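Understanding the architecture of this molecule
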Amino acid sequence: NAGVMQNPRHLVRRRGQEARLRCSPMKGHSHVYWYRQLPEEGLKFMVYLQKENIIDESGMPKERFSAEFPKEGPSILRIQQVVRGDSAAYFCASSPRRGGTDTQYFGPGTRLTVL
Amino acid sequence: DQQVKQNSPSLSVQEGRISILNCDYTNSMFDYFLWYKKYPAEGPTFLISISSIKDKNEDGRFTVFLNKSAKHLSLHIVPSQPGDSAVYFCAASQSEKLVFGKGTKLTVNP
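Scope of this entry: the structure provided in the associated data block. In this text, all values refer to a predicted model and were calculated from it rather than measured experimentally.

**Focus: the sheet that holds strand 7 (residues 65-68) of chain A**
All names here are of chain A. Within the open sheet, the four strands sit side by side as 1-3-8-7. Their pairing is antiparallel. Looking at the sheet topology across the chains shown, the edges are occupied by strand 1 (5-7) and strand 7. Shown here is a sheet whose adjacent strand axes are inclined to one another by a mean of 15°, direction ignored. Taken together, the five bridges between strand 3 (residues 19-24) and strand 8 (residues 75-79) define a ladder with antiparallel strand orientation. Note on strand 8: the bridge partner recorded for R22 is I76.

Put into structure tokens, the structure is as follows:
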């Protein structure tokens, strides 16, 4: 029973390029959450998705960032025209049901470095 | 404006003794609290949780206490083991998302 999978684990991009981060939730989980961790900080919520729907994107920057969770395939967090301030660890979590009482299981993260 | 605060960035204890990690929150609407453990270069791993209607939850060596009037929770690990050395994050549930503290780095010395 595989856990939450994220790839790539490490991603290096130059300023202005695009970054695509992928997340495959645990089997049977249809709820996906993305968090960002800046150095020396806690994890900050970005977006919550169910299959084909964005439920809550209140933590997403208004520009350059987008997320999707298609009917088939992994969830994708896309960052266009990356800047140095986007360098961080991006974690995906999945849950079997909606609601905070169910534990969110985290993937190993993607460490994005913008040169 | 931090809604979940872990005021101790680090804690060092001797193996076999008790580790107490603290967390304060400001939002009285939080309905669930969780502790996660994180090793370097890995994702957070769920440790233990507590509903806002309870004041204590125990799981083996780990116990979480919740004091709603003080908006404070704590994680007790006893006895502490070297393998417990990690960063511990307190998180609170607000609607569909978790709000995390900045973490406390626990070092358990043999």
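Let us keep going from here.
**Concerning the state of the cysteines**
Residues and elements named next belong to chain A. Evaluation of the coordinates by the stated rule reveals two disulfides over all chains. Across the disulfide, C23 is cross-linked to C92 (sulfur-sulfur distance 1.7 Å). Judged by the torsion about the S-S bond (-45°), the C23/C92 disulfide is left-handed. Residue C23 is located in strand 3, and its partner C92 is located in strand 9 (residues 88-95); the two are separated by 69 residues in the primary sequence.

Reading the values: rules and limits
Residues numbered from 1 in each chain as written. Chains lettered and ligands numbered in written order. Predicted model: local features only at pLDDT ≥ 70, side-chain atom pairs only at ≥ 80, totals over all residues. Heavy atoms only, no water. Pairing = 2+ DSSP bridges. Helix = DSSP H or I, 4+ residues; strand = E, 2+ residues; numbered from the N terminus. Axes fitted to C-alpha atoms, helices over the stretch in contact; angles between N-to-C directions. Disulfide = S-S within 2.5 Å.

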